[in-house]
Amino acid sequence: MAHVKLFIPGPVEVSAKTYEAFCTPMIGHRSKAFSGLYAGIMPQLQSLLSTKRPVFLSTSSAWGVMEGALRNLVTKKVLNCMCGAFSDKWLDVSKRCGKEAEGLQVEWGSPIRGEQVAERLKTGQFDAVTYVHNETSTGVMSPIEELAEVKRQFPDVMFIVDTVSSMSATPLNFDALGFDVMLAGVQKAFALPPGMAVFACSEAALAKSATVADRGYYFDLHEFEKNAEKHMTPSTPTIGHIYALQSKLEDFFAEGLEARYARHLKTVKMTHDWAAKHGFTLFPDEGYASVTLTCVNNGAKPGGRVIDAQKLTDLTKKRGFLINAGYGKIKGTTFRISNMGDETEASMVELFSALDESMKELG
Ligand SMILES: *Cc1c(COP(=O)(O)O)cnc(C)c1O
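Residues numbered from 1 in each chain as written. Predicted model: local features only at pLDDT ≥ 70, side-chain atom pairs only at ≥ 80, totals over all residues. Heavy atoms only, no water.

**Some thoughts on the site of the ligand**
Around the ligand, the surrounding shell consists of S61, A62, W63, M66, F86, V132, N134, T136, D162, V164, Q187 and K188. Note that an oxygen atom of the ligand is positioned 2.4 Å from one of the side-chain N or O atoms of T136. Taken by itself the ligand offers 390 Å² of open surface, and the protein chains cover 88% of this. Here the shell around the ligand gets three residues from one element, more than from any other, and that element is helix α3 (residues 62-73). (Near = heavy atom within 4 Å. Polar contact = N/O pair within 3.5 Å; in protein donor to acceptor, adjacent residues only side chain to side chain. Areas by Shrake-Rupley, 256 points an atom, 1.4 Å probe, with all protein chains shown as cover. Helix = DSSP H or I, 4+ residues; strand = E, 2+ residues; numbered from the N terminus.)

Structure follows, in structure tokens:
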């Protein structure tokens, strides 16, 4: 079957080079070859996140670490900042983990502002916050520097930050931001196959989790810490992913991180221009649009053109490109186009000409 190229906001298109690395013959996970592999990529991972802390590799999708962070760090009550499908879900997951939890809900399309979080933390009820930097369902990127400022006001509160669809596409300086857990799944901006998560935790997070008796084993931060000191993982990891990550980090640093960030800014601007050219508006509030995907307004909010988003998706799929016809409660009334991973100006142009033809066909 002919491959349909992915422009959905995860999983995204995986390069032939990455697949080749993924298929490197297997080694034992307690071997020198393995610790050499992990030790070899650690400095690049630390440089990517601007951190002196070890960067951990979890054999799970992002949700494993998102749930694990709650189990390690929440003893009193968690404030779940909610602005879309992924961030909203975190309240449900907190409750399912048996945690006291409360939502800070803003309208989908709006960002989470620092003062809103600070206002709630002032009540003194909370010992943890969950926050999604880049809400992939709405295409909103919340101002993360504002959250870092709130962390400085409330140093004892554990800040658990999902950068699933932004990590590696925009600068994220873990040590300077001061957060306690920051994580990503590799099938988004890293452009690896799904199945692994990358994360860092603070010393403060380790100290807090040491007081939690029922934090479990698989996502125990102390297990990750202890093993990472020897460049190992707590349990048998997805070794193919780590070879693929090694190959991907080579790509990141060959391009240069600044050039990589600039490329995402450029390709997302092209996507906004494509939408405007066809009379669409964007779903996110002005000034808060993501740099890794575009959530096009298609009736969810007043203003702009409205088409049959599923039909546009189907017609474009026939041309060999997959976009997404909206997620959760804004399915159909928005549609999403990803520019994350390896996409370039040239590859976006190919997508836009297919989309243009589909728009013509839609009439
Ligand atoms: C994709 C995504 C997740 C969930 O990732 P899984 O790989 O399904 O666990 C969480 N948060 C955000 C912002 C995402 O984009």
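**Brief notes about the environment of P171**
Looking at the element boundaries, P171 is found in the loop between β8 (158-162) and α7 (174-177). The class of P171 is exposed, set by a relative accessible area of 53%. Between the C-alpha atoms of P171 and T24, which are 147 residues apart in sequence, the distance is 30 Å. (Buried < 20%, exposed > 50% of the residue type's maximum accessible area, 1.4 Å probe, protein only.)

**Observations concerning the environment of L282**
Topologically, L282 is positioned in strand β11 (residues 281-282). In this structure the C-alpha to C-alpha distance between L282 and L37, which are 245 residues apart in sequence, comes to 43 Å. Beyond its immediate sequence surroundings of up to four residues, L282 is in contact with H272, A275, T294, C295 and N297. (Contact = heavy atoms within 4.5 Å.)

**Some points on the side chain of S166**
Inspection of the secondary structure puts S166 in the loop between β8 and α7. Classification of S166 as buried rests on a relative accessible area of 0%. Here S166 is in contact with H133, N134, M141, L172 and T292, once residues within four sequence places are set aside.

**Side note on helix α4 (residues 85-96)**
Between its first and last C-alpha, α4 extends 17 Å over twelve residues, near the 16 Å set by a 1.5 Å rise per residue. Within the span of α4, buried status applies to A85, S87, D88, W90, L91, V93 and S94. Structurally, α4 contributes buried residues whose contacts are with α3, β3 (78-82), β4 (101-105), β5 (128-132), β6 (134-135) and β8. Immediately beyond the C-terminal end of α4, within one or two residues, lies G98, with a positive phi of roughly 80 degrees. (Expected span 1.5 Å × (residues − 1).)

**Side note on the domain arrangement of the chain**
Put simply, an interface is often sized by how much accessible area is lost when its parts join up. As assigned here, the chain comprises domain 1 (5-12 + 256-362) and domain 2 (16-253). Inter-centroid distance (C-alpha atoms) of domain 1 to domain 2 is 26 Å. Residue-level contacts link 27 residues of domain 1 with 32 residues of domain 2. Summing the contributions of domain 1 and of domain 2, the shared interface buries around 2400 Å²; its carbon and sulfur component is 61%. Looking only at domain 1, the three residues that lose the most surface to domain 2 are R260, Y261 and Y288, adding up to 25% of its buried area. (Domains from an automatic or database assignment. Buried area = accessible area lost by both parts, 1.4 Å probe.)

**Describing the sheet that holds β5**
Taken in spatial order, the seven strands make up an open sheet running β2-β10-β9-β8-β5-β3-β4, and their pairing is mixed. In this open sheet, the two edge strands, each paired with only one partner strand, are β2 (56-58) and β4. In this sheet, neighbouring strand axes are inclined to one another by 20 degrees on average, regardless of whether the strands run parallel or antiparallel. Pairing between strand β9 (residues 181-185) and strand β10 (residues 197-201): five bridges, direction antiparallel. Looking at β10, one finds that M182 is bridged to A200. (Pairing = 2+ DSSP bridges. Axes fitted to C-alpha atoms, helices over the stretch in contact; angles between N-to-C directions.)

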